[in-house]
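Here is how the chains run, residue by residue.
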Amino acid sequence: MFGAEYKREMDALEPSAAAMARLEGLTRGEAGGKPGKRFGRRAVIALALCAALAVTAVAAGPSVWSALTGHLGPFGAYVAPLTGSSTSAGVELEAVGVLSEGTAARFYLTARDKRGGRLDGHTDAAFDLEGALSWGARCLDFDGESGTLLLELEAFGLSGEAPLTLTGGTLTPGSYRVSVEPEPADGLETYQTYAQLPGFSTAAGFDGENIFRLRVRLEEGYTLSARSAAFVTFSGGSTWASGAEQVSHLSDGQDLRLEGITRENWDQVERIWLVTSYTGPLEPIEGEWTLTLDPVAAGTRRTGADFSLERPGLTVTQVQLSPLGAVVTYTGAEDALTADALRAETAAGETPAWGSFTGWNWGGEGTAIWRYERPVEPENVASLTLLGETVPLAR
Amino acid sequence: MDSWKEPDWLARQYGPAVYRLAFARTGSRADAEDVMQEVFVRLLKAKPDFADREHAKAWLLRVAANCANDLFRAPWRRREEPLSETLSAPAPPEPGGVVEAVLALPPKYRAAVHLYYYEDLSVAEIAVILGKSQGAVKSRLFRARALLREWMKEDEDVWRGV
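As the structure is a prediction and not an experimental result, all values here were calculated from the model. (Residues numbered from 1 in each chain as written. Chains lettered and ligands numbered in written order. Predicted model: local features only at pLDDT ≥ 70, side-chain atom pairs only at ≥ 80, totals over all residues. Heavy atoms only, no water.)

Colleague: If you had to explain the overall build of chain A to someone new, which residues and values would you point to?
Modeller: For chain A, the count of helices and strands is 4 helices and 27 strands. Taking all 395 residues of chain A together, 51% fall into the buried category. Long-range contacts, defined as pairs at least 24 residues apart, comprise 64% of the intrachain contacts of chain A with a sequence gap of at least 6. Total accessible area computed for chain A in this model is approximately 17200 Å², and 50% of it derives from carbon and sulfur atoms. (Helix = DSSP H or I, 4+ residues; strand = E, 2+ residues; numbered from the N terminus. Buried < 20%, exposed > 50% of the residue type's maximum accessible area, 1.4 Å probe, protein only. Contact = heavy atoms within 4.5 Å. Areas by Shrake-Rupley, 256 points an atom, 1.4 Å probe, with all protein chains shown as cover.)

Colleague: Got a sec to walk through the confidence of the model for chain B? Specific residues and values, please.
Modeller: Residue and element names in this part refer to chain B. This prediction gives chain B a mean pLDDT of 77; 76% of its residues lie at or above 70. Averaged pLDDT values over the elements of chain B bottom out at 80 in helix H7 (residues 134–151) and peak at 93 in helix H1 (residues 7–26). Segment residues 75–93: pLDDT under 50, and 40 contacts once partners within four positions in sequence are set aside and those in other chains are kept. Across residues 154–162 the pLDDT falls below 50, and counting only partners more than four positions away or on other chains, this stretch makes 20 contacts in the model. Among the prediction metrics, the complex's ipTM stands at 0.83, with pTM recorded as 0.66. (pLDDT = per-residue confidence, 0-100.)

Colleague: Describe helix H1 (residues 2–11) of chain A, and please don't skip the residues or the numbers.
Modeller: Residues of H1 of chain A that are buried include every one of Phe2, Gly3, Tyr6, Glu9 and Met10 of chain A, and no others. Down the axis of H1 of chain A, the buried set is contained in an arc of 135°. They therefore lie on one face. (Arc of directions from axis to C-beta.)

Colleague: Which residues make up the environment of Ala144 of chain B, and what values go with them?
Modeller: All names here are of chain B. Mapped onto the elements of the fold, Ala144 is located in helix H7. Remark: the alpha-carbon pair of Ala144 and Leu105, spanning 39 residues in sequence, is separated by 7.0 Å. Aside from chain neighbours lying at most four places away, what touches Ala144 is Leu105, Tyr109 and Val113.

Colleague: Tell me what's going on with the pattern of salt bridges, and back it up with residues and numbers.
Modeller: When their charged atoms lie close together, side chains carrying opposite charge are able to pair. Evaluated as defined, the whole model comprises 27 salt bridges over all chains. For Lys7 of chain A, the salt bridge identified is with Asp120 of chain B, shortest N-O distance 2.4 Å. Within this pair, whereas Lys7 of chain A is found in helix H1, its partner Asp120 of chain B is found in the loop between helix H5 (107–117) and helix H6 (123–130), the two belonging to separate chains. Judged by its relative accessible area of 26%, Lys7 of chain A falls in the partly exposed class. As a salt-bridge pair, Glu181 of chain A and Arg271 of chain A come within 2.8 Å of each other at their nearest N and O atoms. Taken as a pair, Glu181 of chain A in the loop between strand S9 (175–180) and strand S10 (192–194) and Arg271 of chain A in strand S17 (residues 269–279) lie far apart in primary sequence, 90 residues in all. (Salt bridge = Lys/Arg side-chain N within 4 Å of Asp/Glu carboxyl O.)

Colleague: Quick rundown of the pairing of strand S26 (residues 381–386) of chain A? Include the residues and the values.
Modeller: Residue and element names in this part refer to chain A. Taken together, the 5 bridges between strand S23 (residues 342–346) and S26 define a ladder with antiparallel strand orientation. Of the residues in S26, the one forming a bridge with Arg343 is Thr385. Across 2 bridges, the pairing between S26 and strand S27 (residues 389–390) is antiparallel. In the strand pairing of S27, Thr385 is matched with Thr390. Linkage of S26 to S27, two consecutive antiparallel strands, is achieved through a turn of 2 residues, within which Leu387 is found at a positive phi near 55°. (Pairing = 2+ DSSP bridges.)

Colleague: A description of the sheet that holds S23 of chain A should follow, citing residues and the corresponding values.
Modeller: The strand order across the open sheet built from 3 strands is S23-S26-S27 (chain A), with neighbouring strands paired in antiparallel fashion. Only two strands of the sheet have a single partner each, and these edge strands are S23 and S27 of chain A.

Colleague: Tell me about unusual backbone geometry, residues and numbers included.
Modeller: Here Gly280 of chain A and Pro281 of chain A are connected by a cis peptide whose omega angle stands at -10°. Within the element layout of this structure, Pro281 of chain A appears in the loop between S17 and strand S18 (285–293).

Colleague: So what's going on with helix H2 (residues 29–46) of chain B? Residues and values would help.
Modeller: Residue and element names in this part refer to chain B. Relative to the 26 Å expected for 18 residues at 1.5 Å per residue, H2 spans 26 Å between its end C-alpha atoms, a close match to the ideal helical length. One side-chain oxygen of the residue at the start of H2 lies 3.4 Å from the amide nitrogen of Ala30, identifying that residue as Ser28. Positive backbone phi, at 50°, marks Lys47, one or two positions downstream of H2. (Expected span 1.5 Å × (residues − 1). Polar contact = N/O pair within 3.5 Å; in protein donor to acceptor, adjacent residues only side chain to side chain.)

Colleague: Give me the lowdown on the packing of H1 of chain B against H5 of chain B, citing residues and values where you can.
Modeller: Residue and element names in this part refer to chain B. The contact between H1 and H5 brings their axes to 7 Å, and the two run at 150°. Considering the relative orientation of H1 and H5, their crossing is right-handed. Note on element contacts: H5 touches H1 through Pro107, Lys108, Arg110, Ala111, His114 and Leu115, opposite Arg20, Leu21, Ala24, Arg25 and Thr26. Its residues assigned to classes, the contact of H1 with H5 shows 5 nonpolar, 2 polar and 4 charged. (Axes fitted to C-alpha atoms, helices over the stretch in contact; angles between N-to-C directions. Left-handed = near helix turned anticlockwise from the far one by under 90°. Nonpolar A, V, L, I, M, F, W, Y, C, P; charged D, E, K, R; others polar.)

Colleague: With reference to specific residues and values, describe the packing of aromatic side chains.
Modeller: Evaluated as defined, the whole model comprises 15 aromatic pairs over all chains. On the numbers, 5.4 Å between centres and 80° between planes, the contact of Phe206 of chain A with Phe212 of chain A is edge-to-face. With a relative accessible area of 11%, Phe206 of chain A lands in the buried category. Ring plane angle 80° and centroid distance 5.5 Å describe the contact between Phe206 of chain A and Trp266 of chain A, whose orientation is recorded as edge-to-face. Placement of Phe206 of chain A in strand S11 (residues 197–206) and of Trp266 of chain A in the loop between strand S16 (253–262) and S17 is noted, with a sequence separation of 60 residues between them. Residue Trp266 of chain A is classed as partly exposed on the basis of its relative accessible area of 30%. Every member of this aromatic cluster is reached through a ring pair, and the members are Tyr176, Tyr194, Phe200, Tyr222 and Tyr278 of chain A. Across from the ring centre of Tyr191 of chain A, 3.8 Å away, lies the NZ or CZ of Arg217 of chain A, which sits over that ring. Taking the ring centre of Phe23 of chain B as reference, the NZ or CZ of Arg29 of chain B above it sits at 5.9 Å. (Phe/Tyr/Trp six-rings, centres within 6.5 Å; stacked < 30°, edge-to-face > 60°. Lys NZ or Arg CZ within 6 Å of the ring centre and 35° of its normal.)

In structure tokens:
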């Protein structure tokens, strides 16, 4: 279990004896307690966090709608327009529209850098959202000329039609999440670059002690934002043993020493992949935006208040059907519902294909979302079957 | 004064917990030790009156989270610490595979993951420590778990019961 393993590994990590001695010296009031060196000379970065709220009713321009509908395809017709904007840290965040599915919704926002030159198409956007859970926001499009991002913020667990509130967040341009399988070479001098990862390269091979190493190297201006991790699978089906890798910082990256892999057992290694993340060269922007997001509930058919479908370990409490797909609310384990559990059939006898299946589960309270490949009006669905049972939907 | 309110008692009792949270957040032993020291400097300066031990621990963890965040804002952060010339293994034991995976997460997720899975705190308690809303904490945990599952999908056993 993840939690138990994490605890076990963390329990093994202790501050050094010297650090504890310094700490105890400090707290006993003895002389010589070493001050935290980072904090003694900490520079305050004036991000000029302008928390002013500017709410204006501004409709999104044609280019934004064009980019949005281009991304959404036939589902673009179901986007309800939204208004409202907020400016902080020189970035104007503006609500554009929403695709609502009942207790789940996708909000579309633009983030425009009013100072210019601080955002790019690899910007990671993380916002705090009151009133729902969120995966976070992903970048759909970036207009370099205007410095404007088009973002999709997916929210789950909405309660009815109550608006949500976005309260601040961080835009981190040049955010790259890496998951690569470095090609081993003879020695560690040959670096491999990756087309989608600027400033990033890896080397993989055996060192002079016959131990396998992975090297991560970054060009000037880029910084690792994580401690790199290696994952390995062996031909016998086993995976990487915990505690078997050592990570060292280099002046331009990181070195991973994989002690469990030598030339002797190399033929048993099926796959090695490296996971890390880095940013650069632009700086993150933290803002205290405040934006109200109205879910604007789509026309949905849903089960009645008394509805309940039970299986061992699972209770489905609500099913909602919209032109986008179906949202099922349940209590049970994360894998209690799978993609093939739900089937829709139209009056014409057709079975619309599902384009995606997703959802979330928090402590047994879950939402599963099926989305069509193409929109289907709810009134055209003659029957909806969940786990083999017909779902009674109100008209 | 009750002995548990003495700074040196708190340091012995909760210093390692502060260190582990700072390590989870920063991924650096040196930074974690600096944060641990700074937290107790602030304790000595602030002299808060704790109602009980849980209150004391929560206060220390909150300050630790703030101090760790401050490290990420400092301009020196961009400099990598140079390694000694030889690349022979460092002396202390390194964290295992699961901790390594958490350290590979974006920085903002790590503190929430650590407080939830190591300190067994509730979402409400984590929200107070991190100064975020409960919704924001849940979202961070949710997204962190999705990333970890994607990376570690070859090892489904890790996720049983999560």
